[in-house]
Each structure stands twice: as C-alpha cells, then as structure tokens.
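Each chain, letter by letter, is given below.
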Amino acid sequence: MRVEDDDGVRTITFDRPNVMNAMNLEVATELADAVAEADPVDHDAIVLTGDDPAFSAGGDIQAMKEREEGPRESYERVAETFNRAAAELLNSDVPVVAKVNGDCVGAGLAIVAASDMAYTVPDATFSCAFIRVGLVPDTAATFTLPRLVGLRTAKRLTMTGEFFDGAEAAEMGLVNEAVPEDELDEAVDEIVGKLSRRPTRTVGMTKQAIHENLDNDWRKALDYENMLQVQAYMSEEHEEGVDAFLEGRNPDWD
Amino acid sequence: MRVEDDDGVRTITFDRPNVMNAMNLEVATELADAVAEADPVDHDAIVLTGDDPAFSAGGDIQAMKEREEGPRESYERVAETFNRAAAELLNSDVPVVAKVNGDCVGAGLAIVAASDMAYTVPDATFSCAFIRVGLVPDTAATFTLPRLVGLRTAKRLTMTGEFFDGAEAAEMGLVNEAVPEDELDEAVDEIVGKLSRRPTRTVGMTKQAIHENLDNDWRKALDYENMLQVQAYMSEEHEEGVDAFLEGRNPDWD
Amino acid sequence: MRVEDDDGVRTITFDRPNVMNAMNLEVATELADAVAEADPVDHDAIVLTGDDPAFSAGGDIQAMKEREEGPRESYERVAETFNRAAAELLNSDVPVVAKVNGDCVGAGLAIVAASDMAYTVPDATFSCAFIRVGLVPDTAATFTLPRLVGLRTAKRLTMTGEFFDGAEAAEMGLVNEAVPEDELDEAVDEIVGKLSRRPTRTVGMTKQAIHENLDNDWRKALDYENMLQVQAYMSEEHEEGVDAFLEGRNPDWD
C-alpha cells in the first residue's frame, strides 16, 4: 500500500494490481494505520484508490483457504484488522473520499461504503460478494449499506451477491456519482478542493454528529448535537467563519 | 391460507379472494406458523402471494366492528397474531419474497414491507390505509417503512393514507421492482432461483446482521457483525464457498 | 413572527424579510411556543412559511459575532431556543407542513427537515451552511437529514455546505415536491386539505410511532407500535372510521 501526502491530501493506494488489489490482513492493518495517522491540522482529506485495473477485489480468498483458527482467534483477527480499518474510517475527523477507479468487491465495497464521499467510473463492477463464499458482509457493511441505499436494496445486494456497475451504484446512493474514466481525477479533485476550503476540525465534528446520531433517539440526538455545537461555538474556526462572513471575504482557516 | 412446498420453495397464498384476501386473526396466526415452520435445511425461500385479484386488503374491518375488548386484551391479541406474523417474517432465516399480484393495503402492505424482497404489478393499488379507520400502522410498518422509503415518504404515506400504484411503490423503494402482470411469475422465479444458489443459512445470518444493526451504534454494529462472521467462518458453507471459488466451479451447498 | 389561525390551520410566518427571515433566539422561542400551543382538537395542520423573498436564511450571524458566553451558557441557550423549536416540531401531534417560498439555509433548512411535509419552489436556494461559519448542523439536522436523504447525501450536504436548489431538494427527499411558484399555495392547500380529512389525534400518534421507532430495534418497535395501537383501538376516531367504512360514507371526525 502506498501512502502519499501532498498539499494536505493523504492518498492511500491499494497497490497489488496482480491480485486485483485484494486485501489481506497486512493491507487492512496498514489502511487502519494510515487513516489513524492523518489529522485535521495537517490534512484536509484522505483519498483512497487502487492501482489499475481494480479498486479492490476484497478479501484474499486463498488466505481464507489456508487459515486454521478457532472462534476466538477468528474474532480477534477481524477485530484487529478489517474492523479496525472500518472503525478508523468512520472515526476519522479527516474526511475520506473513495476514488473507485475499477472493480470494487466484498471488503473493497465495504471500504467505499465506510468512506464519506465516493466517486466511481460507470463500468466498474461492484458486488457484496461475501455470500458467494459463505460469509456475512463485514468491514461495517451491515451497518453502512442500509443507511446508504435503503433497507430494500441493501438486502438484495447482500443476500444475492449480484453484480452491478458504477452507474447503478450511483443511482442507488452507494457512491455520490459515476463519472467517465477520464473525468474521475477531476471529480475527486473538485470535492477535495471544496473540502479543503472548509474547516477540517468542524468537518470532523459534523461527521461525528451524524454518525453518532444514526442510532440515537431524537431527544438524545438533540442533546448530543448541542454538546458538539458548544465545542464548535468555542472554536477558532467559528470565530473566523463569522468574521469572514460579516467582512464579505473568504475565511482563512489554515 | 394455502401452504405448498415445492422444490425447496414454500409458497403461502392468501386465499379469501371474495374479501380481497383480508387478514383476520386466524390468517395472521397461520401466516406466522407457516413462516416459523420453514427452515434453511428444507427451504431456500418463502413466497407470499394472494389469489387474484388482490394480494391482501389488510385487516378485516367487519371484525373490528364486532370486537369488544379492553386495552390488555387488545394488546395481547395483536401481539399474538399480527405482530407475531411480522416478527416471524423479520426473524426467519429463510428469505421471504412477496409476489404482489394485486391490491395491497394496510396490513397487506405491512407484510410486503416486512418481506426481504418484493415484486409487484404496476397497477396494483397500495395504501397505508390504517389512518382511514383511525389506527396507527401496525405489523411492523412503523419500523420498516422509514427504512425502506425514507422518513419523508413514510410520513406522507402513513399520515394521509393516500393511494399509490405499484410503479410508484417501486420508485420509492417499497418493492424491488414493478413488472408487467405476465412477467411477474418469471421475475419472482428469477430471484428465488438466485437465492436457491446461495447458502441459505448464510443468507439468514446476513439478514440477521442487517436487521439487528439497524439500531446499533457503529461500534456495537462492528462487534455484532464480527460475532456473526465468526459463526460464518466456522461453517461448512464458507469452506465449500472458498473451495469452489479456488477450483473455479459452482459451489454445492445442498 | 406572525401566527394566524384560520379554519383549523395555524399558519406561522417568518416576517423579517429585510434580513431574509433570519432566526434569532426570540424567533426560535416564538416558533417553539406557537407550535406547542397548537393542539389536535383545534388544529388540523400547522403551516410554516416566510415573507418573500426568503423562507429563512437560518441563524443570525451578526448576533453570533456579538455573543460572549461560556460553554454552559451556550449549551443552555441552544437547548432553550433552537433545540426547543426542533423538539416541538418533532413532538407536535398536529402535522407540520413547510411551505418553502424562497431561500432556505442553515437553521431554516433544519426547520424544513423537522417538518412532516415540505413543498418548495424549484429555484429556492438551499444550503447546510453551518460549516461555512464553523458550526455543526443544529436544530435536529444531524438527526433528520440522514433519515430523509440517506447517509451519502447527508454527509455531502453538511460537510461541504454546498448550495442546491428546490428541484434537487425534492429529488433527494429533503422536501416532498418542488412546484412552480404560482402553484405552491395550491400544493400546500391540497396536502393540508387531505390532512384535515384525517383524524388529527391518530395522525399525531402515527407520527409519534414513526419517530420513536427510528431508533428502536425491531422487537421493541413492535411492542411500542402495539402499545400505541391499543390507544388507537380504544379511540372514538377508530370507532367512527370503522362505522363510516362499513356504511360506505366519509367519516366525520370533527
């Protein structure tokens, strides 16, 4: 996996194209680390992508074949690798943009679902392929999918493991948009540019408020929102945002 | 109600066409029983449908007129009949496909909403008619609808009780698809065929993971997903799925 | 703020058009009061709208500049004003219809999101502008938005603060429909008329069931639904609804 920082953007690239960028335990761990180490002082956004021709084909099935472990080892392995990667993506206060340059299957799809924004090429192949090897969706996909595409579609995708393409992924809300291959970089640059002009700490708090309130009742949600808003009111970002607005200029947050 | 098993598919048919297949307490109880008795060893899917011309007109309003009961009797009656039917549908590890051959109103609509997949004819009439007789949506509809069609549409449908057709039901995500009447059997056969080629126990665990994680926060959801995945990793279905994948053949799960 | 009652409809109008109907603490408090004082015996619906040219530009940014307070004062101020307005909207058993006559930004957008129905003109400008002044979305928007427009779109709108128009708001599910300016009154009158022909107490219980079950697991949701249904079964509205149905006439609920 390559991790490159450039002008406030951390780009993380799955780089095992000969196996369609399949994720093994090492890749999942490196992904978790690379996301965890990004921070809103140094970074405006994280971009996840893959070396052509795939984004990621998901878990390494050969490794599944060779695995010998008991239930507890299995639980701990997942908790420390794939689930940790999902947790870091959901928890990161640096926004995460998936640039889905090609096929996106299983855990690869789950990583996209756990990202905050996602852009794809129309003919990339997607599948919740877990069911095809007798597994349940993991890497947070059982949590994220119904909230992205609705319960009806989430069940169809995960119970059948059927294939669909990037255009369909956009239509159902799994990704923000499907754009032609030669416009994908530009689309991602544009959203990353937009995020760069926002106060990253506040972007992170916005994401936190939304994620935490996905399972709160509305009374608790109002209270949680308010507790975060207090932190925002006390922030330099708020002061600068208000000053800039009243002075009719762009805010300077960095 | 007719219950027929054929080649791993349990078909449950509402068969009171003279009253538009309205559901009384007996029908709800029989439905609950017929779903509860299906199991993933013997069954690949459950299909729910109605004798023409309706799917189900919902609750029996004449029976509501004749009912005399106190609050506790009322609570227990619903818990043991309509709510039990909803619970068995949501809980079944055999996937449930609704074949909506005609009008689908009130509790009939709720049964469709609680099914995992649903196909309808474009001109079937749908309505959350509960409000028209001074009732709140039941048979799990207050839980399922916002997660299928979004909060905005769920409120409109349930607060107004307005009529809409199968084409609109598909557009809003209440059903998977609306297909012409002479293609409905084929559409349902196709999805049932697809489900038959998947490992049913794992399909059931996938459904369980998604349903349980609808109200879990993301940390607990990751943990719940992992605990189910451990069961999947230890299963014969996983072993066969991996072997088949690596050998380039179709898995043999039955 | 103007509050007018006419033929069972309470119309609440933001009336500071010279500041684009921005909401200060007084406006939020008056809104909360006006909603709290509506009741299902006297009212069939609440309509929220603004004096042209805006619906509401959201919070008063000049006031933010002048504010000097500690974290606890900030928390209490929000709890007693904007959050109270959101809570009254979510809690009201009289259905709330937003008539979005013009621009709808920040807290204005959150008020629309907390309303039960919403109609807009196609060229009204919308924005979750909170991020532009270093704040998280408030007035319940972190709770309502993902449930209205899905998680993917909710993140995009709140993290970027991007502008979108009424037509897009309708497409994503933030409002029910975008209609030409000269048809907006008619569209709102039509839905209000429809709501007027429903039993308001039961409409309120339907809303309550849906809101409370947004964060219940399915077992608890079934039980909550049943406990509300018991209240509905014992109501005059149910008795009249059943009688009217069986007699083939329109129910008389008022």
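These figures come from a predicted structure and were not determined experimentally.

Draft legend 1. The interface of chain A and chain C, seen in detail. Contacts between chain A and chain C engage 54 residues on the former and 47 residues on the latter. Buried surface at the junction of chain A and chain C, summed over both partners, amounts to about 4,300 Å²; 62% is from carbon and sulfur atoms. For A:Asp243, the salt bridge is made with C:Lys65, and the minimal N-O distance between the two is 2.6 Å. In this assembly, chain A and chain C are joined by 26 residue pairs in polar contact (both at pLDDT 80 or more). Looking at the side of chain A that touches chain C, the elements with two or more residues in it are α5 (107-114), β7 (117-120), α6 (141-149), α9 (184-196), α10 (200-213), α11 (218-233) and α12 (236-247) of chain A. Per element, the largest residue contribution to the side of chain A that touches chain C is 13 residues, and it comes from α11(A). Residues that form the side of chain A that touches chain C fall into these classes: 29 nonpolar, 13 polar and twelve charged.

Draft legend 2. Region of the structure containing the sheet that holds strand β10 (residues 177-178) of chain C. All names here are of chain C. Spatial strand order, β1-β2-β3-β5-β7-β10: six strands in an open sheet with mixed pairing. Here the strands that pair on one side only, and so sit at the sheet edges, are β1 (2-6) and β10. Relative to strand β3 (residues 45-50), strand β2 (residues 9-14) runs parallel, the two sharing six bridges. If you follow Arg10 over to β3, its bridge partner there is Ile46.

Draft legend 3. Representation of the interface of chain B and chain C within the structure. With 47 residues of chain B in contact, the opposing surface of chain C contributes 54 residues. Of the roughly 4,300 Å² buried where chain B meets chain C, counting both sides, 62% is carbon and sulfur surface. When the buried surface of chain B facing chain C is broken down by residue, B:Val136, B:Arg152 and B:Met159 rank first, second and third, together holding 20% of it. Counting across the interface, chain B meets chain C through four salt bridges. With a shortest N-O distance of 2.9 Å, B:Lys155 and C:Asp116 are connected by a salt bridge.

Draft legend 4. Geometry of the pattern of salt bridges. Taken as a whole, this structure holds 51 salt bridges over all chains when the rule is applied. Between A:Asp185 and A:Lys99 there is a salt bridge; the shortest N-O distance is 2.8 Å. Here A:Asp185 is found in helix α9, whereas its partner A:Lys99 is found in strand β5 (residues 96-100), with 86 residues between them in sequence. C:Glu76 is the partner of C:Arg72 in a salt bridge, and the nearest nitrogen-oxygen pair spans 3.2 Å. With C:Arg72 and C:Glu76 both in helix α3 (residues 71-80) and four residues apart, the pair spans about one turn of that helix.

The rules behind these values
- Residues numbered from 1 in each chain as written.
- Chains lettered and ligands numbered in written order.
- Predicted model: local features only at pLDDT ≥ 70, side-chain atom pairs only at ≥ 80, totals over all residues.
- Heavy atoms only, no water.
- Contact = heavy atoms within 4.5 Å.
- Buried area = accessible area lost by both parts, 1.4 Å probe.
- Salt bridge = Lys/Arg side-chain N within 4 Å of Asp/Glu carboxyl O.
- Polar contact = N/O pair within 3.5 Å; in protein donor to acceptor, adjacent residues only side chain to side chain.
- Helix = DSSP H or I, 4+ residues; strand = E, 2+ residues; numbered from the N terminus.
- Nonpolar A, V, L, I, M, F, W, Y, C, P; charged D, E, K, R; others polar.
- Pairing = 2+ DSSP bridges.

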